[in-house]
Each structure stands twice: as C-alpha cells, then as structure tokens.
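Structure at a glance
The primary structure of each chain is shown beneath.
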Amino acid sequence: MNNRLIEEKLNSLKKSKFRASFHLKEKDRLYIKEKGLDKIKIHAYDFIKKRLAPKEIENDGRQTPMRGHPVFIAQHATATCCRNCLYKWHKIQKDKALSSLEIDYIVTLIMLWIKKELNTEQHHNML
C-alpha cells in the first residue's frame, strides 16, 4: 500500500466542502479510545466486506449511516461510503466485487483519516 498516494487522496478529499465537513465527535473519540484502533480496524474491514465489497448491493448509496460509528463518519469523509463515490473519487469500478487489495486500500484510507482526526484534536487540546 503506497502511503504517499493515500496521503495525496486525503488531501484531494479535503478540498471538497462536503467531504471536509465530516469530523469525529466526542462520542466517536471516546468509543475509539475504549475499543482501541486495532478493534476499529477490524470493524472497518467488517463493514467494508459486508456493505461495500459485494458485486451487487441492494441499497447502494444508502448503506452507510451518517453517524453511529467512527468508521461510518470516516467512510463519508473519504468517499468510501458507496460504490458511486468509490468510482467517482477512487476510480474503483462498480460492476464487480471488490478485490482484497481494494478492500485493504479502503480500510487503510479510513484508518489514516481516523488517526489524523485524533491527532488534530490532540494538537488543538495542547494549544
């Protein structure tokens, strides 16, 4: 996984007013602190495999809630919330099941966004 490309993608997503509007709330931060990043990553893999990876998704475009779990927030921020956004932002084709490499890319992107969100809050608390 090329972290430089993922960083570039995150920087590109930040330029979207909609994507940049998503941030972790205090409840999300506490949940991450309680569960730990390793568990959050397991959740991310589980959500992506079940809700995004199949070739056909019954409710595509509506399968990712806007709140309720830090991964859901990260999916909207990183445009990994549905197959249309995956295609528009990441050029991942809609009409096929996601490969393990694509799933790894998506989870890496989500986790990096979450880590950046956590670091941003820590930085602001130190000021």
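Scoring rules and cut-offs
- Counting restarts for each chain, with residues numbered from 1 along the sequence as it is written.
- Note on the predicted model: pLDDT of at least 70 is required for a residue's local features to be given, and 80 or more for side-chain atom pairs to be given and counted; whole-chain, interface and lining totals, by contrast, use all residues.
- Where side-chain values are given, they derive from all heavy atoms of the structure, hydrogens and water being excluded.
- Numbering of helices and strands runs from the N terminus, with a helix taken as a DSSP run of H or I at least four residues long and a strand as a DSSP run of E at least two residues long.
- Radius of gyration here is computed from C-alpha atoms only, and the compact-globule reference equals 2.2 Å multiplied by the residue count raised to the power 0.38.
- Partly exposed describes any residue whose relative accessible area lies between the buried limit of under 20% and the exposed limit of over 50%, with all areas from a 1.4 Å probe on protein chains only and scaled to the type maximum.
- Contacts are assigned to residue pairs with any non-hydrogen atoms lying within 4.5 Å of each other.
- Only the protein chains shown count as cover for residues, and the accessible areas themselves come from Shrake-Rupley with a 1.4 Å probe.
- In this tally, Asp and Glu contribute negative charge and Lys and Arg positive charge; neither His nor the terminal groups of the chain are included.
- Every charge is mapped to an atom, namely NZ of Lys, CZ of Arg, CG of Asp or CD of Glu.
- Joining through side-chain atoms within 4.5 Å is the link that ties buried Ala, Val, Leu, Ile, Met, Phe, Trp, Tyr and Cys residues into a set, and such a set is a nonpolar core.
- Lines fitted to the C-alpha atoms define the axes, with helices restricted to the stretch that makes contact. Angles between their N-to-C directions range from 0 to 180 degrees.
- Any angle that falls under 35 degrees is termed roughly parallel, while one over 145 is termed roughly antiparallel, one within 65 to 115 roughly perpendicular, and all others oblique.
- All amino acids are sorted into three groups, where Ala, Val, Leu, Ile, Met, Phe, Trp, Tyr, Cys and Pro are nonpolar, Asp, Glu, Lys and Arg are charged, and the leftover types, Gly among them, are polar.

1. Quick notes on the overall build of the protein chain
Each helix and strand in the protein chain was counted, giving seven helices and zero strands. In sequence order, the protein chain lays out its α and β elements as α-α-α-α-α-α-α. In terms of C-alpha radius of gyration, the protein chain reaches 14 Å, essentially the compact-globule figure of 14 Å for 127 residues. Here the C-alpha coordinates of the protein chain stretch approximately 45 × 30 × 25 Å along the principal axes. Among the 127 residues that make up the protein chain, the fraction classed as buried is 42%. The long-range fraction of contacts in the protein chain, counting pairs at least 24 apart against all pairs at least 6 apart in sequence, stands at 68%. For the protein chain, the exposed area adds up to about 7800 Å²; of that, 52% sits on carbon and sulfur atoms. Charge centroids of the protein chain, computed over 26 positive and 15 negative side chains, lie 3 Å from each other.

2. Here's the deal with the nonpolar core
Residues Ile 48, Leu 98, Ile 106, Ile 110, Trp 113 and Ile 114 are the most contacted members of the largest nonpolar core, which totals 35 residues. Put simply, the parts of the chain that give this core at least two residues each are α1 (3–14), α4 (37–51), α5 (70–77), α6 (83–90) and α7 (100–126). Once residues lying within four places of it in the same chain are set aside, the contact partners of Ile 106 are Ile 48, Leu 52, Thr 80, Leu 86, Ile 92 and Leu 98.

3. Describing the environment of Glu 102
Inspection of the secondary structure puts Glu 102 in helix α7. When the C-alpha atoms of Glu 102 and Ile 92 are compared, they prove to be 7.9 Å apart, with 10 residues separating the residues in sequence.

4. Some words on the environment of Phe 72
Within the secondary structure, Phe 72 sits in helix α5. Sequence separation of Phe 72 and Glu 8 is 64 residues, and the distance between their C-alpha atoms is 21 Å. The residues touching Phe 72, leaving out its near neighbours within four places in the chain, are Phe 47, Arg 51, Thr 64, Pro 65 and Arg 67.

5. Some words on unusual backbone geometry
The phi torsion at Ala 79 lies on the positive side, around 60°, for a residue other than glycine. For Ala 79, the location among the structural elements is in the loop between α5 and α6. With a relative accessible area of 0%, Ala 79 lands in the buried category. The residue Lys 91 is not glycine, and still its phi comes out positive at about 60°. As for its position among the elements, Lys 91 is in the loop between α6 and α7. On the basis of relative accessibility, which here comes to 57%, the residue Lys 91 falls in the exposed class.

6. Considering the packing of helix α3 (residues 26–35) against α4
Relative orientation of the contacting elements α3 and α4 amounts to 105°, with a least axis distance of 6 Å. As far as their axial angle goes, α4 and α3 are roughly perpendicular. Of the residues in α4, those in contact with Tyr 31, Ile 32 and Lys 35 of α3 are Leu 37, Lys 39, Ile 40 and His 43. For the contact of α3 with α4, the class distribution of residues is four nonpolar, one polar and two charged.

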